[in-house]
Amino acid sequence: MASDTEFPCLLVISVPFPDTRLASSALRAIEVDQELSPLVRRSMSLAGPGLDGKDGAVNGSDKRDLSILKVEYRATTNRMLRVAVNGFMESLGVVVGVMQELDVDVLEADEQKS
Amino acid sequence: MIAIGLEGSANKLGVGLIRHPPKGGPAQILANIRHTYNSPPGEGFLPKDTAKHHRSWVVNLVKQALKEAGVSAADVDCICYTKGPGMGAPLQSAAIAARMLSLLWDKPLVGVNHCVGHIEMGREITGANNPVVLYVSGGNTQVIAYAEQRYRIFGEALDIAVGNCLDRFARTLEIPNDPAPGYNIEQLAKKGKHLLDLPYTVKGMDCSFSGILASIDVLAAQLKANPNQTDALTGEPITAADLCFSLQETVFAMLVEITERAMAHVGSNQVLVVGGVGCNERLQEMMGLMAKDRGGSVYATDERFCIDNGIMIAHAGLLAYRTGCQTALNDSTCTQRYRTDEVLVKWRD
């Protein structure tokens, strides 16, 4: 576990997805690529909506509904943090694009339309 | 069986869908589309910009390819992607899309070696039996022959690829990069006729191009400083077209020599030329003359398959998949260095 003094610059990003399947796919696709820089540490996990203590209201859904992709970046400098987070956002963009246009249900719906 | 292939190792993003009929027979190309990132004249394509281009086009291209092929996610048996070699960030842009497709469609992934993709597509399209392969592109220059389930590298460029030499000279002359710098050099070379002195650097089975590039850059600078230069023999003015002509004649002769050396070594008289530089008609002509002298022939494909494309990745990937190969999600990384002979060619004896 990286110590806070070595990697003082921290950013936590929580990306909400419609369901666990999508959040989990995003995590599994992105985590394959290791961080290129030794000055950056990344850890990813799934979280449930309302379970991160922000607000107590759980919207009645199953507590196993882990539809939030939580990514924690730690870096030695703010610059390295920005570089790493930019990279993550770029990958996330592709991930979301594939979900939006190429998921099984989307393709079926498109086919029925045409 | 049907495979989708995603290719993004350089500045071309290609998506292809291929079908291998169940009872054998030629492969059917269901879709093969590509979008190229061209940098402005005088510049080369940089990894960051190229990756950005691939990320913004990959979803559209996959969607369009599926539509053209009339194929649904369920019809696809495996998702093939270029594992390497190539440029890191662009490779990753395509790989991450491939991983997402694999997860959402619940289909296996197959990582493919880019060079093997070129070779297998060349074999499929031309029907060449067991040729010596000359793989020449902006990123690779290799002479390859098949032996015992591996594509063995008999000779290669020691420093930069021949296509890189041509592309960088196009930058020196500030020739447009659209549709491809090499193509534009080829057209300009057709108007040249004076053969200028350049180093000829074949080293046994290998060759080297950085010295030639340095020399032709010097000639270009001299021509720019003194546009009224004339050819020593004929007294006619020397032009940029003559520089392009001289460069092509020199490097292509070198490629013909090392290819011939490999052919003599393995006792083959067939040559298959693949890779972007393989589109060059002058190279095909020179190679053809050599092969004919040996009682053989040259096989080449057109720009749909010569230039980086997705269908070759789908094809090579499906060949591997049918022998039981697939890439686990956690192994679906990309690598900039991936030797052609690292691949076990299980689908051939």
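Residues numbered from 1 in each chain as written. Chains lettered and ligands numbered in written order. Predicted model: local features only at pLDDT ≥ 70, side-chain atom pairs only at ≥ 80, totals over all residues. Heavy atoms only, no water.

As recorded in an unreviewed UniProt entry, chain B goes by N(6)-L-threonylcarbamoyladenine synthase and comes from Xylona heveae.

In the nomenclature of an unreviewed UniProt entry, chain A is known as Transcription factor Pcc1 of Xylona heveae. UniProt's Sequence similarities (unreviewed entry) comment on chain A is quoted here verbatim: "Belongs to the CTAG/PCC1 family." (UniProt positions renumbered as here; feature names shortened; annotations may be inferred.)

Residues and elements named next belong to chain B. With mixed pairing, the 5 strands of this open sheet are ordered in space as S3-S2-S1-S4-S5. At either end of the open sheet lies a strand with only one pairing partner, and these are strand S3 (28-36) and strand S5 (109-113). Put simply, the sheet's adjacent strands are angled 20 degrees from each other on average, direction ignored. As paired elements, strand S4 (residues 78-84) and S5 share 5 bridges and run parallel to each other. Opposite isoleucine 79, over in S5, you have leucine 109 as the bridge partner. Helix H1 (residues 47-69) contacts strand S1 (2-7), strand S2 (12-19) and S3 of the sheet and is inclined by roughly 155 degrees relative to S3. Along the sheet face, helix H3 (residues 114-126) touches S1, S2, S3, S4 and S5 and points at about 85 degrees away from the line of S5. (Pairing = 2+ DSSP bridges. Helix = DSSP H or I, 4+ residues; strand = E, 2+ residues; numbered from the N terminus. Axes fitted to C-alpha atoms, helices over the stretch in contact; angles between N-to-C directions. Contact = heavy atoms within 4.5 Å.)

Let us now look at the interface of chain B and chain A. The interface is formed by 22 residues belonging to chain B together with 25 residues belonging to chain A. Three residues, Lys63, Met100 and Leu104 of chain B, lead the burial of chain B against chain A; their summed loss comes to 31% of the area buried on that side. Between the two partners, chain B and chain A, sit 4 salt bridges. The shortest N-O distance in the salt bridge between aspartate 33 of chain A and arginine 99 of chain B comes to 2.9 Å. It is helix H2 (residues 88-105) of chain B that provides the largest number of residues to the side of chain B that touches chain A, a total of 10 residues. For the side of chain B that touches chain A, the class distribution of residues is 13 nonpolar, 6 polar and 3 charged. (Buried area = accessible area lost by both parts, 1.4 Å probe. Salt bridge = Lys/Arg side-chain N within 4 Å of Asp/Glu carboxyl O. Nonpolar A, V, L, I, M, F, W, Y, C, P; charged D, E, K, R; others polar.)

In this structure, Phe88 of chain A together with Leu6 and Leu17 of chain B are the most contacted members of the largest nonpolar core, which totals 61 residues. Per-element accounting of this core gives the leading share, 11 residues, to helix H2 (residues 78-102) of chain A. Counting 44 residues, the second largest nonpolar core, distinct from the first, contains Ile185, Ala262, Met263 and Met290 of chain B. (Core = buried A, V, L, I, M, F, W, Y, C linked by side-chain atoms within 4.5 Å. Buried < 20%, exposed > 50% of the residue type's maximum accessible area, 1.4 Å probe, protein only.)

The next thing to look at is the pairing of strand S11 (residues 270-274) of chain B. All names here are of chain B. Most of S11 sits inside the fold, with 5 of its 5 residues counted as buried. Residue alternation in S11 divides its side chains into two sets, Gln270, Leu272 and Val274 and Val271 and Val273, and both sets are buried. Pairing analysis gives 4 bridges linking strand S6 (residues 132-136) to S11, with the strands arranged parallel. Of the residues in S11, the one forming a bridge with tyrosine 135 is valine 274.

Attention now goes to the environment of phenylalanine 209 of chain B. Along the polypeptide, phenylalanine 209 of chain B turns up in the loop between strand S10 (206-207) and helix H6 (210-225). Excluding residues within four positions of it along the chain, phenylalanine 209 of chain B makes contact with Thr141, Ala157, Asp159, Ile160, Ala161, Val162, Cys165, Val251, Met254 and Leu255 of chain B.

Residues and elements named next belong to chain B. Cis geometry marks the peptide bond from glycine 84 to proline 85; its omega dihedral reads -10 degrees. Along the chain, proline 85 turns up in the loop between S4 and H2. Geometrically, the link from aspartate 178 to proline 179 is a cis peptide bond, its omega value of -5 degrees lying close to zero. Among the secondary structure elements, proline 179 is positioned in the loop between helix H4 (162-172) and helix H5 (181-189). Although it is not a glycine, aspartate 106 sits at a positive phi angle of roughly 60 degrees. Topologically, aspartate 106 is positioned in the loop between H2 and S5. You can call aspartate 106 exposed: its relative accessible area is 67%. One non-glycine residue, glutamate 148, lies in positive phi territory at about 45 degrees.

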